[in-house]
Amino acid sequence: MFAVIKTGGKQYRVAANDTITIASLTGEAGEAVTFGEVLLFADGAGATQVGAPTLSGISVTGEIVRHGRDKKVIAFKKRRRQNSRRKRGHRQDHTVVRITGISA
């Protein structure tokens, strides 16, 4: 049994006991999270439900494991022979979530 959920503008294929890294969520480690935007649901018997665009009555629950930050990404711009350089760094915040179950 698996589902495709949408959170943070991205889509993730999840099943029970999966651990996913998603865009930063509010909440402390150990708190429960519910994802209501389920785009696709497939049970173990082979039946698949596809939403248009989402399915109603199906939700995915998870537990926040921890919050963190990704590796630094460097944006370096240089214009040759102009003595013009710009260096910027960015670290994106993320949340690690363990999927506890899919309720249909």
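The sections below set out a description of the structure shown in this document. Every chain is numbered independently, its residues counted from 1 as its sequence is written. Totals for whole chains, interfaces and linings use every residue, but because this is a predicted model, local features are given only for residues with pLDDT of at least 70 and side-chain atom pairs only at 80 or more, for both listing and counting. Derived side-chain values reflect all non-hydrogen atoms in the structure, with water molecules and hydrogen atoms excluded from consideration.

### Observations concerning the sheet that holds strand S2 (residues 10-15)
Any two strands with at least two DSSP bridges between them are considered paired. Strands here mean DSSP runs of E at least two residues long; helices mean DSSP runs of H or I at least four residues long; both are numbered from the N terminus. Across the sheet, which stays open at both edges, the four strands sit in the order S2-S1-S5-S6 with antiparallel pairing between neighbours. In the strand order of this sheet, the two ends are held by S2 and strand S6 (48-55), each with one partner. In this sheet, neighbouring strand axes are inclined to one another by 15° on average, regardless of whether the strands run parallel or antiparallel. As paired strands, strand S5 (residues 38-42) and S6 are joined by four bridges and run antiparallel to one another. The angle between two axes is taken between their N-to-C directions and runs from 0 to 180 degrees, where each axis is a line fitted to C-alpha atoms and a helix contributes only its stretch in contact.

### As for the sheet that holds strand S7 (residues 59-69)
Spatially, four strands are ordered S3-S10-S7-S4 in an open sheet, and the strand pairing comes out antiparallel. Each of the sheet's edge strands pairs with one partner strand only, and the pair in question is strand S3 (19-23) and strand S4 (32-35). Across the sheet, the axes of successive neighbouring strands diverge by a mean angle of 45°, strand direction being ignored. Pairing of S4 with S7 involves four bridges; the strand directions are antiparallel. The residue bridging Val33 from the neighbouring strand is Gly62, located in S7.

### Things to note about the packing of aromatic side chains
Pairing of aromatic rings covers Phe, Tyr and Trp, the last through its six-membered ring, and needs centres within 6.5 Å; plane angles under 30 degrees mean stacked, over 60 mean edge-to-face, and all others mean tilted. Evaluated as defined, the whole model comprises zero aromatic pairs. Only lysine NZ and arginine CZ atoms are considered, and such an atom sits over a ring when it is within 6 Å of the ring centre and within 35 degrees of the ring normal. Cation over ring: Arg13 sits above Phe2, and NZ or CZ is 3.9 Å from the ring centre.

### Concerning the environment of Tyr12
Positionally, Tyr12 belongs in strand S2. Once the C-alpha coordinates of Tyr12 and Val38 are considered, the two residues, 26 residues apart in sequence, prove to be 9.8 Å apart. Once you skip the residues sitting within four places of it in the chain, Tyr12 turns out to touch Ala3, Val4, Ile5, Thr7, Thr21, Ile22 and Ala23. Between two residues, a contact is recorded if the distance between any of their heavy atoms is within 4.5 Å.

### Regarding a positive patch on the surface
A cluster of basic side chains, namely Lys77, Arg79, Arg86 and Arg88, defines a positive patch on the protein surface. Going through the elements one at a time, strand S8 (73-79) and strand S9 (84-90) are the ones with two or more residues in the positive patch. Inspection of the secondary structure puts Arg86 in strand S9. To sort residues, take the accessible area from a 1.4 Å probe on protein chains only and compare it with the maximum for the residue type: under 20% means buried, over 50% means exposed, and anything in between is partly exposed. Given the relative accessible area of 48%, Arg86 is considered partly exposed. Exposure above 30% relative accessible area and the absence of a salt bridge qualify a residue for a patch, where like charges join within 9 Å and nonpolar side chains (Val, Leu, Ile, Met, Phe, Trp, Tyr) within 5 Å. Method for areas: the Shrake-Rupley scheme with a 1.4 Å probe, in which residue coverage is limited to the protein chains shown. For this analysis, a salt bridge means a side-chain nitrogen from Lys or Arg found within 4 Å of a carboxyl oxygen belonging to Asp or Glu. This count recognises Lys and Arg as positive and Asp and Glu as negative, with His and chain-terminal groups excluded. For the purpose of locating charges, the reference atoms are NZ of Lys, CZ of Arg, CG of Asp and CD of Glu.

### Thoughts on the pattern of salt bridges
Counted by the stated rule, this structure contains two salt bridges. The residue Glu63 makes a salt bridge to Arg98 at a minimum N-O spacing of 3.4 Å. With Glu63 in strand S7 and Arg98 in strand S10 (residues 93-103), the pair connects residues that are 35 residues apart, well separated along the chain. Residue class for Arg98 comes out partly exposed when judged on its relative accessible area of 34%.

Read these as geometric descriptors, not functional statements.
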